[in-house]
Amino acid sequence: MVTPAPEAPPDLDLVRRLAERFRTWGRWGADDERGTLNLIGPDAVRRAAAEVREGRIHSLALPLGADGPQNGTLGRFNPVHLMLRDGGDAVTGAMVDDFYDGRDRHLRGTDGLVILPLQAGTHWDALSHVIFDGTMYNDRPASAVSSRGARCNAITGAADRVVTRGVLLDLPALRDGRPLPPGHAVGADDLEACARRQGVRVEPGDALLIRTGHLSRYRETGSWSDYVAGPAPGLGLAAVPWLARHEVAAVAVDTWAAEVLPNETPAVMQPLHIVLVWAMGLLLGEMFDLEALATDCARDGRYTFLFSAPPLPFTGAVASPVNPVAVK
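Residues numbered from 1 in each chain as written. Predicted model: local features only at pLDDT ≥ 70, side-chain atom pairs only at ≥ 80, totals over all residues. Heavy atoms only, no water.

(A) Spatial organisation of the packing of aromatic side chains. Applying the stated criterion to the full structure yields six aromatic pairs. Relative to phenylalanine 307, the ring of tryptophan 124 has its centre 6.3 Å away and its plane inclined at 90 degrees; by these criteria the two rings are edge-to-face. With tryptophan 124 in strand E4 (residues 123-125) and phenylalanine 307 in strand E15 (residues 304-308), the pair connects residues that are 183 residues apart, well separated along the chain. Phenylalanine 307 gets classed as buried once you look at its relative accessible area, which sits at 0%. (Phe/Tyr/Trp six-rings, centres within 6.5 Å; stacked < 30°, edge-to-face > 60°. Helix = DSSP H or I, 4+ residues; strand = E, 2+ residues; numbered from the N terminus. Buried < 20%, exposed > 50% of the residue type's maximum accessible area, 1.4 Å probe, protein only.)

Here is the structure:
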């Protein structure tokens, strides 16, 4: 008697169907490593430049320091900042800048180094970050990511692309300013209602920044507690058709995972990462600090701006820290 193969869990089937429906593999060629960033062309950049009116600049990055949010989950720790040369070396003469000919030419300098996981703070996920069914975006084998890094789909493919119009969707504004509750799955209805309330139209090639207000909870308490991997609002699977229809080039959220936690699919971890990154080739950002930007946008009623957030071009990297800026 032949034992029948176990059936796939229903939620795994759902993820596969969504991935198949919205897969972009081959859309920009068999060799493409940029995914939806191909949607950022000259017209998108010019449209973004026209958003600059007052010259106000907002950094959207969390500080990269030892008191950051990481707690060891997935092996990620907070940045370690060390000094190679400090002020004490300058004062005591322990290190003299004599590398030309051995003579003291009076200059003293300081140097430092940083050790950090690529996803320690505000960051972009590269298209090589998500592996599913033994492959990554555009049907590249998982084996292309070795202990030396990614041979394809690395973050360097985004280094000259992430300058476009940014659109902030401030979801707490739909709830009288209250942050979305942990476990709230943001769907198409949420995104559409927020865009309508703010009077914005999301265009192809835009970077969509989604504020859930979750970060504000931890800022108010002064403790990161369960910000990493704990229950959180975030994008749900019902948001996928909306994101695909609007052809956004990038999506960034103010939470650790960008998608809702706990996940909607008990049998599949981070299902939205599979659909958005693996299938759609979408640049996905996490832990963006959107608080000050949201206050500014509410003040002047304008939720669009020039958005610039190129990753650091680490060779073969599967993610990169970033200091995104919004210019209004």
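(B) Examining the environment of alanine 250 more closely. Mapped onto the elements, alanine 250 comes out in strand E13 (residues 250-253). In this structure the C-alpha to C-alpha distance between alanine 250 and leucine 283, which are 33 residues apart in sequence, comes to 4.7 Å. Every residue in contact with alanine 250, bar those within four places of it in the chain, is listed here: Trp124, Asp206, Ala207, Leu208, Leu282 and Leu283. (Contact = heavy atoms within 4.5 Å.)

(C) Just empty space enclosed by the protein, in detail. Applying the stated criterion across every chain yields a total of one cavity of 30 Å³ or more. Broken down by class, the residue content of the lining of the largest cavity amounts to seven nonpolar, three polar and two charged. (1 Å grid on protein atoms, 1.4 Å probe; cavity = no way out; pocket = protein on both sides within 12 Å on 5 of 7 lines; lining within 4 Å. Points joined across faces, edges and corners; volume = space filled by probe spheres on them. Nonpolar A, V, L, I, M, F, W, Y, C, P; charged D, E, K, R; others polar.)

(D) A look at helix H5 (residues 214-221). Among the residues of H5, those classed as buried are His214, Leu215, Ser216 and Tyr218. Once H5 ends, the next one or two residues include glycine 222, with phi positive near 75 degrees.

(E) Representation of a nonpolar patch on the surface within the structure. Taken together, the side chains of Phe77, Val80, Leu82, Leu84, Leu113 and Ile115 make up a nonpolar region of the molecular surface, amounting to roughly 470 Å² of accessible area. No other element matches the three residues that strand E2 (residues 80-85) contributes to the nonpolar patch. In this fold, leucine 84 is placed in strand E2. (Patch = residues over 30% accessible without salt bridge, like charges linked within 9 Å, V, L, I, M, F, W, Y side chains within 5 Å. Areas by Shrake-Rupley, 256 points an atom, 1.4 Å probe, with all protein chains shown as cover. Salt bridge = Lys/Arg side-chain N within 4 Å of Asp/Glu carboxyl O.)

(F) View of the pattern of salt bridges. Applying the stated criterion across every chain, the model contains 23 salt bridges. Between arginine 201 and glutamate 203 there is a salt bridge, and its shortest N-O distance comes to 3.7 Å. Look at arginine 201 and you get exposed, because its relative accessible area is 64%. Using a relative accessible area of 25% as the deciding quantity, one classes glutamate 203 as partly exposed. For glutamate 291, the salt bridge identified is with arginine 211, shortest N-O distance 2.9 Å. Remark: arginine 211 occurs in strand E11 (residues 207-211) and glutamate 291 occurs in helix H8 (residues 291-300); sequence separation between them is 80 residues. Using a relative accessible area of 15% as the deciding quantity, one classes glutamate 291 as buried. Ionic contacts of the salt-bridge type, sharing partners, join the residues Arg47, Glu51, Glu54, Arg56, Arg165, Asp206, Asp296, Arg299, Asp300, Arg302 and Lys328 into one network.

(G) The arrangement of the packing of helix H1 (residues 10-22) against helix H7 (residues 271-279) in detail. At their nearest, the axes of H1 and H7 sit 9 Å apart, and the two run at 20 degrees to each other. Compared by their axis directions, H1 and H7 come out roughly parallel. For the pair H1 and H7, the sense of crossing is right-handed. Here Val15, Leu18, Ala19 and Phe22 of H1 come into contact with H7, specifically with Pro271, Ile274, Val275, Trp278 and Ala279. Taken together, the residues of the contact of H1 with H7 break down into nine nonpolar, no polar and no charged. (Axes fitted to C-alpha atoms, helices over the stretch in contact; angles between N-to-C directions. Parallel < 35°, antiparallel > 145°, perpendicular 65-115°, else oblique. Left-handed = near helix turned anticlockwise from the far one by under 90°.)

(H) Geometry of unusual backbone geometry. With an omega dihedral of -5 degrees, the bond running from leucine 261 to proline 262 counts as a cis peptide bond. Take proline 262: it is sitting in the loop between E13 and H7. One non-glycine residue, asparagine 153, adopts positive backbone phi at about 60 degrees. Along the chain, the position of asparagine 153 falls in the loop between strand E8 (149-150) and strand E9 (163-170).

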